[in-house]
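# A closer look at the structure
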Amino acid sequence: MKFVGIVGSNAEQSYNRTLLEFIRKHFKTRFELEILEITDIPMFNQDEDWEAHFQLRLLNNKITRADGVIIATPEHNHTITAALKSVLEWLSYKVHPLESKPIMIVGASYHDQGTSRAQTHLRKILDAPGVNAYTLPGNEFLLGKAKEAFDENGNIISEGTVNFLESCVDNFIKYVQVVSKLRKPKPILPEDLYCNNPIATTITEVDPDDPEWVEKVAEITGAVSGNTYVRLDHGILTVDQINMFLNSMPFELTYADDNNQFLYYNNAHQDPSTMLAKRVPAQSGSRLGTVHNSLPANRMKNVEWVVGTLRNGNQEYVRTLVPNPSEHIINTHNYQAMYYPDGSYAGINEIVFNFKPWLDWYLETTGQSLVGGSVRPAAAAAADATSGASDAQGGPASAAPAADASSGASEHA
Ligand SMILES: Cc1cc2nc3c(=O)[nH]c(=O)nc-3n(C[C@H](O)[C@H](O)[C@H](O)COP(=O)(O)O)c2cc1C
């Protein structure tokens, strides 16, 4: 489960931030908690463009994809802070990421009542039609006397308080599971699989479907290669090292950007006939529509569904099993959304992976075996798994809905 925590204070030193950090640490095996700040967000103004503010885009994108939200509110003059109220106005005017979202309220304040009045107000605000959240009833976690509540490592000192927090969080997790059934997925808009919306990184001078796209674009951009060093997020590698690294991955990787342009695949020197998802070097740079043009129309719809589902935040990944006649192969495809720093959709990282050797290794190492003794025939298992998943997620109910959203290995169908 993935939760987002919102610090309701814009102060540099905040007990509500400490409270969320404690929750993140204490419950790290139960859920992932990403803590988001409201510090740099200007006062709500309906004449201003919300998208101009990075922090608001980040909040909107992260909340949209989260399974639940925990708001830690201070109490100022018997209500929530002006900063938090302002953020809730931004998030209930042109965009509504909190709609139908399960929310848990917690709060820390200096005085005995520990944000009880602020929490009551926050509940009412979250219930307003523009916000329309599902706030966890009861379970008021109030941390009074916040200055004395934490030790020097940011842990809540009182065991009784931690026990109560645990019971509230348990209830919230159950509540999220129940409420997720009421969730209305965002509509999936039509996808342009023919790259008609260039993005900042698109090289418009070369036709995407040009078989020599890589060579031509490399020349235009002066792309570095060989032993030139590239600085990454946290490391420095030469281009050769990056290639060795990616080619040593025990799976086939594909990268299609948010303009639906197929930019890259690893192991391009491999014989395509030996690949799970067959690709050829001339496909690099191609439009996703062209890559898939041998697919029947209903399968093309599935490609659009996968991209649209990842783009609008309904899911962070889509997984499918591709039916395979060999007992040595469990052909899994994982379409993982990639994100820009503001949390918006940046494209697909597709991992095509034979799960069977890993499964065999795991069973052997742990001395376990499968119930029934063997893996079921892949085709039947795939049909069950994918139709089940897609029913639950509101996707197409075909046997392999997403096979090759980005790689175009239509041979599997
Ligand atoms: C303008 C103002 C009004 C406050 N009013 C209250 C209040 O009504 N009740 C309360 O318990 N604490 C009140 N406090 C103290 C807050 O609990 C404390 O400053 C702080 O906001 C705690 O949260 P934080 O450390 O996350 O910012 C007030 C503080 C300020 C600055």
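Everything quoted here is computed from the prediction, not taken from an experiment.

The rules behind these values
- Residues numbered from 1 in each chain as written.
- Predicted model: local features only at pLDDT ≥ 70, side-chain atom pairs only at ≥ 80, totals over all residues.
- Heavy atoms only, no water.
- Pairing = 2+ DSSP bridges.
- Helix = DSSP H or I, 4+ residues; strand = E, 2+ residues; numbered from the N terminus.
- Axes fitted to C-alpha atoms, helices over the stretch in contact; angles between N-to-C directions.
- Buried < 20%, exposed > 50% of the residue type's maximum accessible area, 1.4 Å probe, protein only.
- Near = heavy atom within 4 Å.
- Polar contact = N/O pair within 3.5 Å; in protein donor to acceptor, adjacent residues only side chain to side chain.
- Nonpolar A, V, L, I, M, F, W, Y, C, P; charged D, E, K, R; others polar.
- pLDDT = per-residue confidence, 0-100.
- Contact = heavy atoms within 4.5 Å.
- Core = buried A, V, L, I, M, F, W, Y, C linked by side-chain atoms within 4.5 Å.
- Phe/Tyr/Trp six-rings, centres within 6.5 Å; stacked < 30°, edge-to-face > 60°.
- Lys NZ or Arg CZ within 6 Å of the ring centre and 35° of its normal.

### Focus on the sheet that holds strand S12 (residues 331–339)
Spatially, S10-S9-S13-S12-S11 is the arrangement adopted by the five strands of the open sheet, whose pairing is antiparallel. The sheet terminates laterally at strand S10 (262–265) and strand S11 (317–322), the two strands that pair on one side only. Shown here is a sheet whose adjacent strand axes are inclined to one another by a mean of 20°, direction ignored. Pairing geometry for strand S9 (residues 252–257) and strand S13 (residues 345–354), over six bridges, is antiparallel. The residue bridging Ala 256 from the neighbouring strand is Ile 348, located in S13.

### Concerning the environment of Gly 372
The residue Gly 372 is located in the loop between helix H11 (356–366) and helix H12 (378–393) in this model. Residue classification places Gly 372 among the exposed positions, given a relative accessible area of 78%. Taking the C-alpha atoms as reference points, Gly 372 and Ile 329, 43 residues apart in sequence, are found 18 Å from one another.

### Let's talk about the site of the ligand
Ser 14, Tyr 15, Asn 16, His 76 and Asn 77 are the nearest of the 13 residues found near the ligand. Residue Tyr 15 places a main-chain N or O atom 2.8 Å away from an oxygen atom belonging to the ligand. Note that a nitrogen atom of the ligand is positioned 3.0 Å from one of the side-chain N or O atoms of Glu 75. Of the residues contributing to the shell around the ligand, the split by class is four nonpolar, eight polar and one charged.

### Some thoughts on the confidence of the model for the chain
Per-residue confidence for the chain averages 90 on the pLDDT scale, and 91% of its residues sit at or above 70. Within the model, the stretch residues 384–403 combines pLDDT values under 50 with 39 contacts to residues more than four positions away or in other chains. In this model residues 408–413 is a low-confidence stretch, pLDDT under 50, and it forms 15 contacts with partners more than four residues away in sequence or in other chains.

### What about the nonpolar core?
Leu 19, Ile 23, Phe 31 and Ile 70 are the most contacted members of the largest nonpolar core, which totals 32 residues. For this core, the element with the most residues is helix H6 (residues 159–179), which contributes nine residues. Discounting residues that sit within four places of it in the chain, Phe 31 has contacts with Met 1, Phe 3, Ile 23, Ile 70, Val 169 and Ile 173. Listed in part, the 31 residues of the second largest apolar core include Val 4, Leu 59, Leu 126 and Val 131.

### Examining the packing of aromatic side chains
Scanning the entire structure with this criterion turns up 12 aromatic pairs. Ring geometry for Phe 251 against Phe 353: centres 5.9 Å apart, planes inclined by 85°, an arrangement best described as edge-to-face. Of this pair, Phe 251 sits in the loop between helix H8 (239–247) and S9 while Phe 353 sits in strand S13; the two residues are 102 residues apart in sequence, bridging distant segments of the chain. A network of ring pairs unites the aromatic residues Phe 3, Phe 27, Phe 31 and Phe 172 as a single cluster. Residue placement shows Lys 147 over the ring face of Tyr 110; its charged tip is 4.3 Å from the ring centre. One cation-aromatic arrangement involves Arg 319 over Tyr 317; the distance from NZ or CZ to the ring centre is 4.2 Å.

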